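Structural characterization, general
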There are 2 protein chains.
Amino acid sequence: MAFRFTLLPASLLLACIAVFSFPSLHNPPRVSAQSVKTEQSKRFVPVYKADGDMVPPLQYREWTYLTSGFNMSYNPKASGDMSMFDNVFVNPESYKAFEATGTWPDKTVLVLESRGAESKGSINKSGNYQSGGTMGLELHVKDEVRFPGKWAFFDVASETKATLIPSKAPCYSCHAEHAAVDTTFVQFYPTLLPIATKKDTLSATYRKEMAQPK
Amino acid sequence: MAFRFTLLPASLLLACIAVFSFPSLHNPPRVSAQSVKTEQSKRFVPVYKADGDMVPPLQYREWTYLTSGFNMSYNPKASGDMSMFDNVFVNPESYKAFEATGTWPDKTVLVLESRGAESKGSINKSGNYQSGGTMGLELHVKDEVRFPGKWAFFDVASETKATLIPSKAPCYSCHAEHAAVDTTFVQFYPTLLPIATKKDTLSATYRKEMAQPK
């Protein structure tokens, strides 16, 4: 989940940003689509459209925070002119279920938000802070009956539209092959990895990867 | 708020970590002090002790996320062997009040959590992700009647104890002189800065700082 944007080479990343950034989400998304937000505010249930796309969860900044990464990449030589943060959130009911069980219930939605990183501003002189609006939003949705692999990815294109990513896209195979729990990158979620370890819900592929000499 | 830990030189930071890290918070804090957590879970109200210290909000990871920084420092030459993230949270009622007013209500509590940063792990080969337990926790508490300057800082020393930082400590003067809204560093909270700008709640000192040539 945390790696469709962040592990892409910088050039592809920029292409994604060009496609998926949208001014209306550069400030906190509210006001428009208010009825959807109100409907979703208590207990989130994914809402789909006739064409298979999804209505994005506009209230995700009020959901449970999982982690942030900085310039994460699976390319050892990754570099670019632009630095980025990614922040990951999950609907609160699913976070509580994970605490109890070590894995995700049906209807779980994880949100990956990308934001630009600045270095010099106000009193900050080195290191990086988050600034400006969102540069991309992606969803990872568990809906066991709806999706053949139980999960699907969506790119958020506007406040009312999240586009289904076809199941042959590389994010699906990467998550299936490398993610620690139920196709999600719990190895990068510091409050959840100890729970999954204790509850014995780590995937076989992740255990195998961890057992290999480094 | 986001800058007591993160803007300290690395050597001092390590000293802080030695003093304030505590194994019991390296996993999500629950179980013990459960009664306090239950009491605080619906609407947070600061609870103090006879000696002036405070009972830490154990449920802060379920609060509203504000931002994360990476190796932030007010030293242009800051460097160290260790990289760190800091994550900032606020009690949800105060976040909603800020959305409506552009400033913080009484009883607001911001939490600064520091975590170690790793680079190579699982499929990640460059950039940084958060790992392991908390390396420090600090609180910034607004209690207008209790504190002469309306706000106070606390260092969290254990699940049941947050130590009041004396008002002559440099964090107080730095926040007073440089923070964008009501002594808090809203200039580093990307969803809140546009609201404060629109609501015209930016501090005079911050406006002056922003007006200076760079």
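Presented here is an overview of the structure given in this document. Computed from a predicted structure; not experimentally measured.

Moving on: the pairing of strand β1 (residues 64-73) of chain B. Within β1 of chain B, nine of the ten residues are buried, which leaves the element mostly enclosed by the surrounding structure. With three bridges connecting them, strand β4 (residues 126-142) of chain A and β1 of chain B associate as antiparallel partners. What sits directly across from Tyr-129 of chain A, in β1 of chain B, is Gly-69 of chain B. In this structure, β1 of chain B lies alongside strand β2 (residues 84-90) of chain B, joined through six bridges in antiparallel fashion. Its bridge partner lying in β2 of chain B, Ser-68 of chain B is registered against Asn-87 of chain B.

Glancing now at unusual backbone geometry. We note that Lys-150 of chain A has phi near 75°; this positive angle belongs to a residue other than glycine. As for its placement among the helices and strands, Lys-150 of chain A is situated in the loop between β4 and β5 (151-158). Owing to a relative accessible area of 43%, Lys-150 of chain A belongs among the partly exposed residues under this scheme. Look at Thr-183 of chain B: it is not a glycine, yet its phi comes out positive at around 65°. On the secondary structure map, Thr-183 of chain B appears in the loop between α4 (170-178) and α5 (193-199).

To continue, consider the pattern of salt bridges. Within this structure, the stated rule accounts for 18 salt bridges over all chains. We note a salt bridge from Lys-142 of chain B to Asp-182 of chain B, for which the minimum N-O separation is 2.7 Å. Here Lys-142 of chain B, found in strand β4 (residues 126-142), pairs with Asp-182 of chain B, found in the loop between α4 and α5; they are 40 residues apart in sequence, far enough to count as distant. Given the relative accessible area of 22%, Asp-182 of chain B is considered partly exposed. Look at the salt bridges and you will find they share partners, linking Arg-61, Glu-113 and Arg-115 of chain A into a network.

This part is about the interface of chain A and chain B. Interface size is often expressed as the accessible area that is lost when the parts come together. Taken together, the contact between chain A and chain B spans 50 residues of the former and 50 residues of the latter. Taking both partners together, chain A and chain B bury about 4000 Å²; carbon and sulfur atoms supply 57% of that area. It is Arg-61, Tyr-65 and Ile-123 of chain A that lose the most area in chain A upon contact with chain B, and together they represent 18% of the buried surface on that side. For the pair chain A and chain B, the number of links is two salt bridges. Measuring nitrogen to oxygen at the nearest pair gives 3.1 Å for the salt bridge that ties Lys-96 of chain A to Glu-62 of chain B. Counting the contacts that link chain A with chain B gives 25 residue pairs in polar contact (both at pLDDT 80 or more).

Next up on the list: the environment of Arg-61 of chain B. Examined against the element boundaries, Arg-61 of chain B turns out to sit in the loop between α2 (34-40) and β1. Residue Arg-61 of chain B is classed as buried on the basis of its relative accessible area of 6%. Taking the C-alpha atoms as reference points, Arg-61 of chain B and Lys-198 of chain B, separated by 137 residues in sequence, lie 28 Å from one another. Those residues in contact with Arg-61 of chain B that lie beyond four places of it in its chain are Thr-64, Tyr-65, Leu-66 and Thr-191 of chain A together with Asn-87, Phe-89, Glu-113 and Arg-115 of chain B. Polar side-chain contacts of Arg-61 of chain B include one of 3.4 Å to the backbone oxygen of Tyr-65 of chain A. Of the polar contacts made by the side chain of Arg-61 of chain B, one reaches the side chain of Glu-113 of chain B; its length is 2.9 Å.

What counts and how
- Residues numbered from 1 in each chain as written.
- Chains lettered and ligands numbered in written order.
- Predicted model: local features only at pLDDT ≥ 70, side-chain atom pairs only at ≥ 80, totals over all residues.
- Heavy atoms only, no water.
- Buried < 20%, exposed > 50% of the residue type's maximum accessible area, 1.4 Å probe, protein only.
- Helix = DSSP H or I, 4+ residues; strand = E, 2+ residues; numbered from the N terminus.
- Pairing = 2+ DSSP bridges.
- Salt bridge = Lys/Arg side-chain N within 4 Å of Asp/Glu carboxyl O.
- Contact = heavy atoms within 4.5 Å.
- Buried area = accessible area lost by both parts, 1.4 Å probe.
- Polar contact = N/O pair within 3.5 Å; in protein donor to acceptor, adjacent residues only side chain to side chain.

Note that all results are geometric; they support no functional claim without further evidence.
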